[in-house]
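Here is how the chains run, residue by residue.
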Amino acid sequence: MLHGAGVLRIDHLPPLHGHLRVPSAALLPPPAFAALAVAALPALVTRLRFGAALLVAYGAALAWAVLLASSGEGLAWPFTHRQEYLAVLPAVGGDPLGWLASFTERLPAYPTHVRGHPPLPVLVLWVLARVGLPGPLPAALLAVTTGCSATVAVALTVRRVAGEEAARRALPYLALTPAAVWIATTMDAFFAGVGAWGVALLVRGGTGGGPPGVLYGAAAGVLLGALPYLSYGLVPYLLVPVVAAVAVRITRAAVVGCLVGAAAVTAAFAAGGFRWPAGVAATHVEWAADPGAARPYLYFLVANLAVLALLTGPATAAGLAVLMDRATVAGLAVLTGRAAADPAVPVGRTVARRVIAVGRTVAGPVIPVGRVPNRPGAAAGPVRWPRGGVGALVAAAAVAVLALDVSGVTRGEVERIWVPYAVWISLAATAVPGRRWLAAQAAIGLLLQGLVLSPW
């Protein structure tokens, strides 16, 4: 009906922006890898030292994304499109500052993706070409390697926020995420990596004072401050580092460093002649004249969330249900002044202590009070409650996505636009551990790659 009305003429497989296709024999290697990863990855990330577990998970994420992309049109194919960022590099030439200063003025003449974004993605690819790596393949490799590195960055953040065991539980789900179909290869995957490392650096240095805290904070500020210049839709993403910072109680030195780093990015773009508000206004004008503006708001208000469910997989949906149940039970405990249902959850005499109990309940599986092993084969030790929980990170990313959805800023194509948010929301899958759920995640990725011909 919507197709007949002419409002979805650019979406041939709504709510996805792509075409339906028949799987080919080229799709055989990814299932073989998925079967091996589902069987071996959970045990490996549990038993290896944490650093080695991160490397294994990153390797698995990279292999999964590359195999999926290679089974289709190839890793570099999305960057060959005439509406992609590389098409505008000749206009940049040898004068990136002159191009930046005239970016807003000349916006109508640029390809679709350039018109819909700030100038930083083009400048990143320009630098890549200048250092001797021009063309679609280096751009694709930058996107997929950076995007997959979000697996490591998110796990490092979870370790600081919720403890090492929670980080280990998250690694297999981060590596075999269905979002890998669009992590290989869109520039939005690059955005996801930049944002995830910004959060990881912030919490890494945020618990220490002095020069290290300032330096980590400044580095985080540069990465996080760059996000609005990579995509206008990443402004709500900044809620994730705020929640993570509160969870670990970062020091004042780290906060100052972060603000200075972010301000330096803004100042650099302003000095170069690009004003962010003017860029937003110009992009809005271009968007209003684009066929995408005809997409119906109410349809995509719901359809966007359906696409997010595909991006994050069934394990995430099940995990979200578990986290919401825990939040409801724990919230009732706070309101009624009673302890949570499980005796392992400590409830103090004050509301503040009860709120802490809520956070611990939502954070992850209930751990009996006493002495438990940190991981299989390790010596037993005293239980140390995490300072926060993955539930808070999931909630921050979910609220940010809902803000974008309700605002109508993102109508369609969220399979790529929401990749930076999907990697955080996928943490909910840790509430339903088990190889069957991990296999379901991989199966959704295979179905998406096999049945959907996406331009990215």
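Residues numbered from 1 in each chain as written. Predicted model: local features only at pLDDT ≥ 70, side-chain atom pairs only at ≥ 80, totals over all residues. Heavy atoms only, no water.

On to the packing of helix α2 (residues 50–70) against helix α8 (residues 136–148), then. It is the contact of α2 with α8, at a shortest axis distance of 9 Å, that shows an interaxial angle of 140 degrees. Here α8 runs oblique to α2, going by the angle between their axes. The interaxial crossing formed by α2 with α8 has right-handed handedness. Residues Tyr58, Ala61, Leu62, Ala65 and Val66 of α2 form the contact with α8, whose participating residues are Val144, Thr145 and Cys148. (Axes fitted to C-alpha atoms, helices over the stretch in contact; angles between N-to-C directions. Helix = DSSP H or I, 4+ residues; strand = E, 2+ residues; numbered from the N terminus. Parallel < 35°, antiparallel > 145°, perpendicular 65-115°, else oblique. Left-handed = near helix turned anticlockwise from the far one by under 90°. Contact = heavy atoms within 4.5 Å.)

Over its 13 residues, helix α16 (residues 276–288) extends 18 Å from the first C-alpha to the last, a length consistent with the 18 Å expected when each residue adds 1.5 Å. Where α16 is buried, its residues contact α5 (103–106) and α6 (112–115). (Expected span 1.5 Å × (residues − 1).)

In this structure, Arg115 sits in helix α6. Among the polar contacts made by the side chain of Arg115, one reaches the side chain of Glu286 at a distance of 3.4 Å. Every residue in contact with Arg115, bar those within four places of it in the chain, is listed here: Leu107, Pro108, Tyr110, Thr283, Glu286 and Asp290. (Polar contact = N/O pair within 3.5 Å; in protein donor to acceptor, adjacent residues only side chain to side chain.)

Applying the stated criterion across every chain yields a total of seven salt bridges. Among the ionic pairs, Arg115 bridges to Glu286, the shortest N-O distance being 3.4 Å. You can see Arg115 sitting in helix α6 and its partner Glu286 sitting in helix α16, a full 171 residues away along the chain. Under the relative-accessibility criterion, Arg115 is labelled buried at 17%. When its relative accessible area of 17% is taken as the criterion, Glu286 is described as buried. Where Glu413 meets Arg416, a salt bridge forms, and the shortest distance between an N and an O atom there is 3.0 Å. The network of salt bridges with common partners includes Asp188, Arg295, Glu413 and Arg416. (Salt bridge = Lys/Arg side-chain N within 4 Å of Asp/Glu carboxyl O. Buried < 20%, exposed > 50% of the residue type's maximum accessible area, 1.4 Å probe, protein only.)

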